[in-house]
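Summary of structural features
These are the residues of each chain, in order.
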Number of protein chains: 2
Amino acid sequence: MHENVLLSHIFARTRSLVETFPQVLLGPGDDCAVVDANDGAPMLLKVDQVIEHRHFTSQTPFELIARKALARPLSDIAAMAGSPVAALAACVLPRRFSQDKATELFDTLHNAAVALNLPIVGGDLATTGHPDAPIALSISLIGKVHPRRGPVRRDSAAAGDFVYVTGTIGDTYHADPTEQHPFPGGGHHLTFTPRLREAAWLAEGLDNDLHAMMDISDGLGLDAARLARASGVRIEIDADSIPLRTPSRGPRQSLADGEDYELLFTAASGATVPRTIASLGTSITRIGVVTQGSGCVLRHEGNLIDIADAGWEHA
Amino acid sequence: MHENVLLSHIFARTRSLVETFPQVLLGPGDDCAVVDANDGAPMLLKVDQVIEHRHFTSQTPFELIARKALARPLSDIAAMAGSPVAALAACVLPRRFSQDKATELFDTLHNAAVALNLPIVGGDLATTGHPDAPIALSISLIGKVHPRRGPVRRDSAAAGDFVYVTGTIGDTYHADPTEQHPFPGGGHHLTFTPRLREAAWLAEGLDNDLHAMMDISDGLGLDAARLARASGVRIEIDADSIPLRTPSRGPRQSLADGEDYELLFTAASGATVPRTIASLGTSITRIGVVTQGSGCVLRHEGNLIDIADAGWEHA
């Protein structure tokens, strides 16, 4: 079962129905939903979950599990240029978990949230009868939209835009000894920092020249294709321009790796986009263009390669 | 592991810390958290989950699983006298689930939500490697507070108040052939209607005479004791006055049954509380009084019985 494809189908079918509710400003299918929570207060909503043996192993320390569980939906808030307000946590534990271990997991989660400047305001935990059922941890987030720019959607790229990414792409599962983070050796997919400040900077600086944005979770190829499809445009990416985390891995493997949690965005061709956000030390790289048409292709060694199917599907 | 006790301990420890965040108006520990989502828009937040073999069986139809998963947190929104705005759904499925079955479960969930006038604006699903891991379904809700009364908390009962419940208490696991609902024979715990309209009616009609409120999920005894503890008062309940669903079951068993999902509230002694909300056909019964002191006791056949420990702990 390809879960993301399945979810996309389900949400595509239900989206128009959900959007008949007057409070729903943007239904499922983007990085977050947008809801008019209180007569003129548009809010971002997102749920995501991490599962043992899927998103982390039985050896992963609680600190990294908690961090990843929180950082993944935070990356979706960033993708809309929003800022997080509060979180809810729900946890399913196997029977082998003692009360002490459950308390430790919740404490760790709470501390990780505070470190990310996020209050966990409610939660639930349930044990299963199964001695070895996997740990499952779901985090729901509520966030504010950017006060001036509003939510930045993935369906508003326009032909003529340039395409950009923050940071570096690919090879997210291996530990990078040069990375500066509190858990050296954990690998980018466990230790990334959600691009909340970068997204706010872009919304502030580019304003309405910032057209479409999403985060890269399933691979640059697959996610750029989603952005193109949602916007009804074509995206062409220049392989040589992709900022690779590990150059020896090459562009085609790197754009299929996934779990980059970088921002992928398009901006009007006339916009001034710096190569580095100086105040944050984060690089921005122009990797391609938006044209009329459909699909997503990579220009690599003189060939045009369809990359809409490249990427990491949660199989 | 007594999960609710464990969660209470965790939340009691973290609540004051969480409430140092300026956007958190009420941290974990009540039926919902209250968050100032957007500079003056107080919102209710709640997450709850249902797990196979715990909250439903492998024979329970998808319609009833979906309904219960949504109705439980909706009952918490009701308990604050709020109204729901939108839901997020996260689902963990065993490997035995086919794509068709997963789609069917999400469709059923979506339809159940629409029937409850609630849009599901986002979701996630993940399969485990386990062929027979239990199905786990978590629902997060965002809701509005009552526009005039605001959120009705459980910590604001006052000595001198009367104590009331809506509907009937106990025997929630057996099918009641006389009940009018779309799933005859399902048992109240699967088929109850969250008391959203009753709660709104009480907030509207009683206004500031409506002092404290919560929903009864773990048994009237245990939950009344929680309300007493949160408010720093004592509650005395008259056994003969409890409206029993099944009178032959008796008050002591009935108040320990749990999963009533009725409203338990206190109101100023001078307030006019009708015996029935005529427009809704829902009964209201005065079952006791709030006094100074602490604890929760049942006056039964001339004896005072401590009922703070009676009730259904999720063991």
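Residues numbered from 1 in each chain as written. Chains lettered and ligands numbered in written order. Predicted model: local features only at pLDDT ≥ 70, side-chain atom pairs only at ≥ 80, totals over all residues.

The next subject is the pairing of strand 2 (residues 33–36) of chain B. Residues and elements named next belong to chain B. In this sheet, strand 2 lies alongside strand 1 (residues 24–26) in antiparallel orientation, the contact comprising two bridges. Its bridge partner being in strand 2, Val 24 is matched across the sheet by Val 35. Joining the antiparallel neighbours strand 1 and strand 2 is a turn of six residues, in which Gly 29 adopts a positive phi near 130°. Looking at chain direction, strand 2 and strand 3 (residues 42–51) are connected through four bridges and run antiparallel. (Pairing = 2+ DSSP bridges. Helix = DSSP H or I, 4+ residues; strand = E, 2+ residues; numbered from the N terminus.)

Here we take up the sheet that holds strand 3 of chain B. All names here are of chain B. Read from one edge to the other, the open sheet built from six strands follows the order 1-2-3-6-4-5, with strand pairing classed as mixed. At either margin of the open sheet sits one strand with a lone partner, and together these are strand 1 and strand 5 (120–127). Taken over all neighbouring pairs, the strand axes of this sheet differ in orientation by 25° on average, direction set aside. Bridging between strand 4 (residues 83–93) and strand 6 (residues 136–144) involves nine bridges; their strand directions are antiparallel. Residue pairing across strands places Val 92 opposite Ala 136, the latter belonging to strand 6. Docked against the sheet, helix 2 (residues 62–79) engages strand 3, strand 4 and strand 6, running at close to 145° with respect to strand 3. (Axes fitted to C-alpha atoms, helices over the stretch in contact; angles between N-to-C directions. Contact = placed C-beta atoms within 7 Å.)

Looking now at helix 3 (residues 99–115) of chain A. Counted at 1.5 Å a residue, the expected span for helix 3 of chain A with its 17 residues is 24 Å, and the 24 Å between its end C-alpha atoms agrees. When helix 3 of chain A is considered as a whole, its buried residues turn out to be A:Leu105, A:Phe106, A:Leu109, A:His110, A:Ala112 and A:Ala113. Angularly, the buried residues of helix 3 of chain A cover 165° about the axis, an arc narrow enough to put them on a single face. Looking at the buried positions of helix 3 of chain A, the neighbouring elements they touch are helix 2 (62–79), strand 4 (83–93) and strand 5 (120–127) of chain A together with helix 1 (3–18) of chain B. Trailing helix 3 of chain A by a residue or two, A:Asn117 shows a phi angle of about 65°, which is positive. (Expected span 1.5 Å × (residues − 1). Buried ≥ 20, exposed ≤ 12 C-beta atoms within 10 Å, placed from the backbone. Arc of directions from axis to C-beta.)

Residue and element names in this part refer to chain A. Checked against the element boundaries, Ser 294 lands in the loop between strand 12 (282–291) and strand 13 (295–300). Sequence separation of Ser 294 and Arg 249 is 45 residues, and the distance between their C-alpha atoms is 28 Å. Beyond its immediate stretch of four places on either side in the chain, Ser 294 contacts Ala 228 and Arg 234.

Nonpolar side chains in soluble globular proteins tend to be buried together. One finds A:Val35, A:Leu45, A:Ile142, B:Val35, B:Leu45 and B:Ile142 to be the most contacted residues of the largest nonpolar core, which totals 200 residues. Not counting residues within four places of it along the chain, the set of residues in contact with B:Ile142 comprises A:Val35, A:Ala37, A:Leu45, A:Ile142, B:Met43, B:Leu44, B:Leu45, B:Val85 and B:Ala86. (Core = buried A, V, L, I, M, F, W, Y, C linked by C-beta atoms within 7 Å.)

Right, let's talk about the relation of the copies chain B and chain A for a bit. Two copies of one chain are present, and they are related through a rotation about an axis combined with an axial shift. Superposition record for chain B on chain A: RMSD 0.0 Å, screw rotation 180°, translation along axis 0.0 Å. Put plainly, the chains are arranged around a two-fold axis. Ranked by how close their C-alpha atoms come to the rotation axis, the residues of chain B are headed by B:Ala133, at 2.8 Å. (Least-squares fit on C-alpha atoms with pLDDT ≥ 70 in both.)

Residues and elements named next belong to chain A. In a regular helix each residue adds 1.5 Å, so 12 residues correspond to 16 Å; helix 6 (residues 220–231) covers 16 Å between its end C-alpha atoms and thus fits that length. Taking burial as the measure, the 12 residues of helix 6 include 10 buried ones, the bulk of the element. Looking only at helix 6, the buried set comprises Leu 220, Gly 221, Leu 222, Asp 223, Ala 224, Ala 225, Arg 226, Leu 227, Ala 228 and Ser 231. Where the residues of helix 6 are buried, they touch strand 8 (210–215), strand 9 (234–238), helix 7 (251–257), strand 10 (263–267) and strand 13. Just downstream of helix 6, Gly 232 is the residue with a positive phi angle, here 70°.

Quick look at the domain arrangement of chain A now. Residue and element names in this part refer to chain A. Annotation of chain A at the domain level lists domain 1 (31–144) and domain 2 (162–306). Taking the mean C-alpha position of each, domain 1 and domain 2 sit 25 Å from one another. The interface of domain 1 with domain 2 comprises 14 residues on the first partner and 16 residues on the second. Top element by residues in the side of domain 1 that touches domain 2 is helix 2. It accounts for 11 residues. (Domains from an automatic or database assignment.)

Residue-level contacts link 55 residues of chain B with 55 residues of chain A. For the side of chain B that touches chain A, the secondary structure elements donating two or more residues are helix 1, strand 2, strand 3, strand 4, helix 3 (99–115), strand 5 and strand 6 of chain B. In terms of residue count, strand 5 of chain B provides more of the side of chain B that touches chain A than any other element does, eight residues in total. Of the residues belonging to the side of chain B that touches chain A, the class tally is 32 nonpolar, 17 polar and six charged. (Nonpolar A, V, L, I, M, F, W, Y, C, P; charged D, E, K, R; others polar.)

Once that is clear, we can look at the pairing of strand 3 of chain B. The buried fraction of strand 3 of chain B is high, at nine of 10 residues. Taking the residues that link successive antiparallel strands as the turn, the strand 2 of chain B-strand 3 of chain B hairpin has five residues, and the phi of B:Asp39 there is positive, at about 55°.

This part takes up the packing of helix 3 of chain A against helix 1 of chain B. Pairs of packed helices are described in terms of their axes, by the angle between the two and the distance that separates them. One way to put it is that helix 3 of chain A packs onto helix 1 of chain B with a least axis distance of 11 Å and a crossing angle of 35°. Between helix 3 of chain A and helix 1 of chain B the crossing geometry is right-handed. The residues of helix 1 of chain B that touch helix 3 of chain A, namely those facing A:Gln99, A:Ala102, A:Thr103, A:Phe106 and A:His110, are B:Leu6, B:Ile10 and B:Thr14. Residue composition of the contact of helix 3 of chain A with helix 1 of chain B, by class: four nonpolar, four polar and no charged. (Left-handed = near helix turned anticlockwise from the far one by under 90°.)

On to the sheet that holds strand 4 of chain A. Residues and elements named next belong to chain A. Judged by pairing direction, the sheet is mixed, and its six strands sit side by side in the order 1-2-3-6-4-5 without closing on themselves. The open sheet has two edge strands with one neighbour each: strand 1 (24–26) and strand 5. Looking at each pair of strands side by side, their axes are set apart by 25° on average, direction ignored. Bridging between strand 3 (residues 42–51) and strand 6 (residues 136–144) involves nine bridges; their strand directions are antiparallel. Bridging across to strand 6, Gln 49 finds its partner in Ser 138. Helix 2 contacts strand 3, strand 4 and strand 6 of the sheet and is inclined by roughly 145° relative to strand 3.

Okay, the confidence of the model for chain A next. Put simply, chain A has an average pLDDT of 90, and 94% of its residues get 70 or more. For this predicted complex, the interface score ipTM comes out at 0.93, alongside a pTM of 0.93. (pLDDT = per-residue confidence, 0-100.)

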